[in-house]
Structures are given as structure tokens and as C-alpha cells.
Amino acid sequence: MSSETPSQKPRVAVVFGGRSSEHAISVVTAGAVLAAIDREKYDVLPIGITTDGRWVLTADAPERMAITDRKLPDVAELSESAEGAVVLPVDPTSREVVYSEPGAVPKALGEVDVVFPVLHGPYGEDGTLQGLLELSGVPYVGSGVLASAVGQDKDYMKRVFTSFGLPVGPYEVVRPREWEQDPAAAREKIVDFAAEHGWPLFVKPARAGSSMGITKVDDVSGLDAAVEEARRHDPKIIVESLLTGREIECGVLEFADGPRASVPAEIPPVSDHSFYDFEAKYIDSAAGLVPAPLTGEQTARVQELAVAAFEAASCEGLVRADFFLQDNGEFVINEINTLPGFTPISMYPRMWQETGVSYPELVDRLIQAALRRSTGLR
């Protein structure tokens, strides 16, 4: 009489969706990651977070997580129950995931060995989820609390880079209280910045991504509307001057011997958009050039800066670093992404594919790195 041997495969919880304005892009990313995970090597538990913050079991159906006919996917449409909720106990002695529904006995879903978070923006990429997982003692893919928070906040990100001697462009920050208590003074602060650095300006949420809430402002007449649009995503905004030059990106991946940089990519000018905005990235699928047509010296320099940015912010696992190659030949770092997109058209996996790391291998490397790493101080 034979008996089944319990699975010894590591169990990976792919957590996606979330409360930020990047909810749909997170779902798209999750679909790509779920499709790439080797099911002979790992057990997989898809967990979605709805826009109101409820953790739910979802269908393991990557094909339902894509942008279809310009329609963005949503966790609520993938949830297996309108009322059930997934609970990750804040108990480092147990990694047991529990599922509960009103009026029913909670159901144990088994232990999770590692979490692969593919949440973008606040409440997921910014250190909040990472803090929860640290308290729970569950290893996870990507950067820890500090690096995630720094990587999400463009204000402090630039301050960290400046302190490490990395080149950043001119910027100004308007904090919530400034705009709410004295909008005239805050407006004058931005106008003075424009007087020094010139129009146009880019007005952005300080803690958002996927080009959400960004407006290119050509003169003072469009300033108030741009500020309000940015504040729909984040009450803290950042204003940046226009940097002329080429948009260059570079991926960083942590190997056993430390972080390494991928071949860089270039985002070419987008003819139907004033800049590389959300529509250009995800709806109209602007194509990047991989590898970027750079000289050997330029490639080496941007790779050096990408790894330096990774180290400066104390990142782990992965980072996509975005740069401008200015007309004078100098690179300026625009920002880093500690959980860059993994959509089918995302630049991070494309850069690593060109470097020799396939999409499935990239996902596997990230999971294995997380399994090797403990939670807590490290």
C-alpha cells in the first residue's frame, strides 16, 4: 500500500494588487510572474489585495491578468469570494496562512516559505508590506523596509543619492502643509524654481510610480491643475526641471557575490505623447531599445552608477535605475524602482534577457535569493 509523500517544494505566495493607484499594473505584473514560476520546483499561492485593502484568494489564471482591449484588470474580478479574507499571522514562529469567511471556521492554507510581492506604489512597494513580513518572519523578494521606503519617496531618494555623491537633477519639494495652509507661497516657491531652472517643469507625486499623476507644465497657467493632479495620488509633490537628453535605464540584480548590472536600455522619444507617461508605457506599449545604442564607455558608466545607486539606498534583490544621458555626455540619475514592473513589455526583464538571464531564470533567481536571506537585521 503506497502513501503520498508530502510536497517538499518551497511555497511561494505571489502578493499583488493593493491600494495604490498602480493596482492594475501590479495585477498585470503578477500575471507574468505566475506564468513564469516553475511549478515543478515551487508550489504557488496567489494572493490579491483589493483596492480597499482586503487580502483575498484569487484564481491562478495569468491569462485573466493582462490588459485586454485597453481594459485594466482588477483583483476584485479575480477573487474567489466577495467576503473571504486571507490572514498572514504576525507571528515569527508560524508561517501559517489562514483563510476565513463570515460564519465559517477559519481554514488553514498551509505555511508560506517566501513571499514574492509585486505590489507597486504605496502600501506595498514603500516598506509597509516589507514591515509586515519582517514581523511575521516570512522571507520575501526584494528590498527591506528602509530601502523600499527610500525608493518610493523621490524626495528622500534624491537626498540619499546626493549624500553619496551621485548626480541628480534640480528639484523642489512641496509638502502637504505648505500647499494646504498657504498655496500662494507654495506656488511662488515653484515659480521661483522655474525662474532659476526654466520652463517646462514636471510636477509629480513624490511617492507614486508608473508615471501616475505626472504633468508636464509649460507655464504658470497650468501649474495649479498640475499640482492638484499630483496631489490626487500623493499630498506631497516634487517638481523637477526638464532634463534634455536620452532616457536610459539599467537593471541591477543581486547575485551571490553581490549586485550586477544588466545591459542598459533606451526609451526613445514617444511621438504621440509629450513624455513617457502611463498611456505610453502600458496602453500604447512604447518600445524600448535593448541594448541601448551607447559607447562602451557610456555603458560601463551607467552600469557603475546603477550599482552605486543600489548600494547607496541599501537595496536587495533587484532595482531598475533610470537615468538621463544629457547633451554634455554626463549621466543624471532620475530614480530607482525597487519593485520594477514585470509585465510582458517591462524593461527590467527585457534588459536581463538581453544580458543572458531569461525571464523564468530571473524569477527563480529572485525567489532563491529571498529563501537564502533571513528576516530581521542583516
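Above this text sits the structure in question.
Quick caveat, the model's predicted, so the values are computed rather than measured.

Definitions and cut-offs
Residues numbered from 1 in each chain as written. Predicted model: local features only at pLDDT ≥ 70, side-chain atom pairs only at ≥ 80, totals over all residues. Heavy atoms only, no water. Helix = DSSP H or I, 4+ residues; strand = E, 2+ residues; numbered from the N terminus. Buried < 20%, exposed > 50% of the residue type's maximum accessible area, 1.4 Å probe, protein only. Polar contact = N/O pair within 3.5 Å; in protein donor to acceptor, adjacent residues only side chain to side chain. Contact = heavy atoms within 4.5 Å. Salt bridge = Lys/Arg side-chain N within 4 Å of Asp/Glu carboxyl O. Pairing = 2+ DSSP bridges. Expected span 1.5 Å × (residues − 1). Arc of directions from axis to C-beta. Phe/Tyr/Trp six-rings, centres within 6.5 Å; stacked < 30°, edge-to-face > 60°. Axes fitted to C-alpha atoms, helices over the stretch in contact; angles between N-to-C directions.

A.B. asks: Would you explain the side chain of Thr-50 in this entry?
C.D. replies: When you line up the elements, Thr-50 lands in the loop between strand S2 (43-49) and strand S3 (55-57). Take Thr-50: its relative accessible area is 5%, and that puts it in the buried class. For Thr-50, the side chain forms a polar contact with the side chain of Asp-52, separated by 2.3 Å. Ignoring any residue separated from it by four or fewer positions in sequence, one finds Thr-50 in contact with Gly-18, Arg-19, His-23, Val-56 and Val-75.

A.B. asks: Explain the environment of Asp-364 to me, please; I cannot follow it from the model alone.
C.D. replies: Relative to the helices and strands, Asp-364 is located in helix H12 (residues 359-372). Separated by 323 residues in the primary sequence, Asp-364 and Lys-41 have C-alpha atoms spaced 9.3 Å apart. Apart from residues no more than four positions distant in its own chain, Asp-364 is found in contact with Lys-41 and Tyr-42.

A.B. asks: Help me understand the pattern of salt bridges, please; the structure alone is not making it clear to me.
C.D. replies: Pairs may arise between side chains of opposite charge once their charged atoms sit close together. For the coordinates displayed, the defined rule picks out 27 salt bridges. Notably, a salt bridge pairs Arg-378 with Glu-316, separated by 2.8 Å at the nearest N-O pair. Taken together, the residues Arg-378 in the segment after H12 and Glu-316 in the loop between helix H10 (296-312) and strand S15 (318-326) connect sequence positions 62 residues apart. Look at Arg-378 and you get partly exposed, because its relative accessible area is 46%. The exposure class of Glu-316 is buried, given its relative accessible area of 14%. It is possible to trace a salt-bridge network through shared partners that takes in Glu-134, Glu-254, Glu-316, Arg-373 and Arg-378.

A.B. asks: When you look at the pairing of strand S9 (residues 201-205) in this model, what are you seeing that I'm missing?
C.D. replies: Remark: a regular strand shows side chains that alternate across the two faces of the sheet. Among the five residues in S9, five count as buried, and that is most of the element. Alternating positions in S9 separate into two faces, Leu-201, Val-203 and Pro-205 on one and Phe-202 and Lys-204 on the other, with burial throughout. Examined bridge by bridge, S9 and strand S11 (residues 237-241) share five bridges and lie antiparallel to one another. Along S11, the bridge assignment pairs Leu-201 with Ser-241.

A.B. asks: Got a minute to help me understand helix H7 (residues 183-197) in this structure?
C.D. replies: An α-helix turns once per 3.6 residues; consequently, residues spaced three or four apart project the same way. Over its 15 residues, H7 extends 21 Å from the first C-alpha to the last, a length consistent with the 21 Å expected when each residue adds 1.5 Å. Here H7 has its buried residues at Ala-186, Ile-190, Phe-193 and Ala-194. Buried positions in H7, seen along its axis, are confined to an arc of 100 degrees and lie on one side of it. Pointing more than 90 degrees away from the buried face of H7 are the exposed residues Glu-188, Ala-195 and Glu-196. Where H7 terminates, the next one or two residues include Gly-198, which has phi positive at roughly 90 degrees.

A.B. asks: Teacher, can you tell me more about the packing of aromatic side chains here?
C.D. replies: How two aromatic rings sit relative to each other is given by the distance of their centres and the angle of their planes. Throughout the structure, instances matching the rule amount to five aromatic pairs. A centroid spacing of 6.0 Å and a plane angle of 50 degrees characterise the contact between Phe-255 and Trp-352, whose relative ring orientation is tilted. Placement of Phe-255 in strand S12 (residues 245-255) and of Trp-352 in helix H11 (residues 347-355) is noted, with a sequence separation of 97 residues between them. Both residues of the pair, Phe-255 and Trp-352, count as buried. Every member of this aromatic cluster is reached through a ring pair, and the members are Phe-116, Phe-342, Tyr-348 and Tyr-359.

A.B. asks: Explanation requested: the sheet that holds strand S6 (residues 107-111) in the structure shown.
C.D. replies: Strand pairing within a sheet occurs via backbone hydrogen bonds; the two strands may be parallel or antiparallel. On the basis of which strands lie adjacent, the open sheet formed by three strands has the order S4-S5-S6 and antiparallel pairing. Both edges of this open sheet fall to strand S4 (85-87) and S6, since each of them pairs with a single strand only. Sheet twist, expressed as the mean angle between neighbouring strand axes with direction ignored, is 25 degrees. Relative to S6, strand S5 (residues 96-100) runs antiparallel, the two being bridged by four bridges. Note on S6: the bridge partner recorded for Val-98 is Ala-108.

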